[in-house]
Amino acid sequence: MHPHLSRLRTALRAMDADTATISVWGRKLAAVLGGGGRLLVCGNGGSAAEAQHLTAELVGRYRADREPYAAIPLHADTSAVTAIGNDFGADEVYARQVRAHGRPGDVLMCLSTSGRSPNVLAAARAARRTGIAAWTLTGPAPNPLAALCDEVLAVPAGDTATVQEVHLAVIHMLCDAVEDAMEEATG
C-alpha cells in the first residue's frame, strides 16, 4: 500500500472512536441552526478551503433539499479580510469578524492542522468572550487551540495532508448528522 494511503487508513481507524462525538455535534449544531443561530467557520490555507466546503454544504445542501442553514466562512469576504488585516493585523482577521457576526448561542468552528495559528487562536478567544461555543477540528492534541475550545476533535496524525483529508470526512459526517437531526426534529 502507498505510504500516504497507509497514513490515512491509520488516522481513519483512530477517528472511528469519535463517531459518536460527531453525531452529538450534529445534534447540537442542528439545534443552533434550527433555532436561528449561526455557524461561523475559520481556518487558513487548506483548512480555509475545508471551512468553505462545510459552509457550502450547510447553506446549499448536503443530501436533501431543505431550508438553508446560516453558515459563514470567515475567510471568504476578501474585502473584510484585507481591510482588517491592514488596519488591525493578521491576527485579528477572524476575531474581529467573530465579534461582528457572532451572537451568544452561535458556534465557531476552528479548523487547524497544527492548532497553533495565531489568527485562529484569536478567533477562539473572541468566541469565548462573546458567549459563542468554540469547536475545533485539529491535528494532534494537545495543542493551544484544543486547550481554548469547548469541543475538540483531534486527528492523531503528524502529516498535514492526512489531517486535512480526515477533516473532510468529519465534515461530511457532521453534515449528515445535522441533516438527520433536522429531519428528526421536523419529523
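Before any of the text, the structure's been laid out above.
Residues numbered from 1 in each chain as written. Predicted model: local features only at pLDDT ≥ 70, side-chain atom pairs only at ≥ 80, totals over all residues. Heavy atoms only, no water.

## Regarding the packing of helix H1 (residues 3-15) against helix H8 (residues 160-186)
Contact geometry for H1 and H8: axes closest at 10 Å, N-to-C directions at 45°. Put simply, H1 runs oblique to H8. Crossing handedness for the pair H1 and H8: right-handed. Mapping the contact onto sequence places His-4, Arg-7, Leu-8, Ala-11, Leu-12 and Met-15 in H1 and Ala-161, Thr-162, Glu-165, Val-166, Ala-169 and Val-170 in H8. (Axes fitted to C-alpha atoms, helices over the stretch in contact; angles between N-to-C directions. Helix = DSSP H or I, 4+ residues; strand = E, 2+ residues; numbered from the N terminus. Parallel < 35°, antiparallel > 145°, perpendicular 65-115°, else oblique. Left-handed = near helix turned anticlockwise from the far one by under 90°. Contact = heavy atoms within 4.5 Å.)

## Observations regarding the pattern of salt bridges
Per the stated rule, a full pass over the model turns up eleven salt bridges. For Glu-151, the salt bridge goes to Lys-28, with nearest N and O atoms at 2.5 Å. On the criterion of sequence distance, the pair formed by Glu-151 in strand E5 (residues 151-154) and Lys-28 in helix H2 (residues 19-34) is long-range, its members being 123 residues apart. Arg-63 is the partner of Asp-176 in a salt bridge, and the nearest nitrogen-oxygen pair spans 2.5 Å. Of the two residues, Asp-176 is situated in helix H8 and Arg-63 in the loop between helix H3 (46-59) and strand E2 (71-73); the sequence distance between them amounts to 113 residues. For Arg-63, a relative accessible area of 40% corresponds to the partly exposed category. (Salt bridge = Lys/Arg side-chain N within 4 Å of Asp/Glu carboxyl O. Buried < 20%, exposed > 50% of the residue type's maximum accessible area, 1.4 Å probe, protein only.)

## Focus: the nonpolar core
Among the nonpolar cores identified, the biggest contains 33 residues, and Leu-29, Leu-39, Leu-54, Leu-58, Met-109 and Val-178 are the most heavily contacted of them. When contributions to this core are tallied by element, the ones reaching two or more residues are H1, H2, strand E1 (39-42), H3, strand E3 (107-112), strand E4 (133-138) and H8. Per-element tally for this core: the top contributor is H8, with nine residues. Leu-40, Val-93, Leu-121 and Ala-123 belong to the second largest nonpolar core, which has 23 residues in total. (Core = buried A, V, L, I, M, F, W, Y, C linked by side-chain atoms within 4.5 Å.)

## Structural notes on the environment of Ala-127
Along the chain, Ala-127 turns up in helix H6 (residues 118-130). The exposure class assigned to Ala-127 is buried, which follows from its relative accessible area of 0%. Here the alpha-carbon distance between Ala-127 and Arg-96, two residues 31 residues apart in the chain, equals 10.0 Å. Once residues lying within four places of it in the same chain are set aside, the contact partners of Ala-127 are Val-98, Leu-108, Ile-132 and Ala-134.

## Here's the deal with the pairing of E4
The element E4 is extensively covered by neighbouring structure, given that five of its six residues are classed as buried. Looking at chain direction, E3 and E4 are connected through six bridges and run parallel. By the bridge assignment for E4, Met-109 is matched with Trp-135. (Pairing = 2+ DSSP bridges.)

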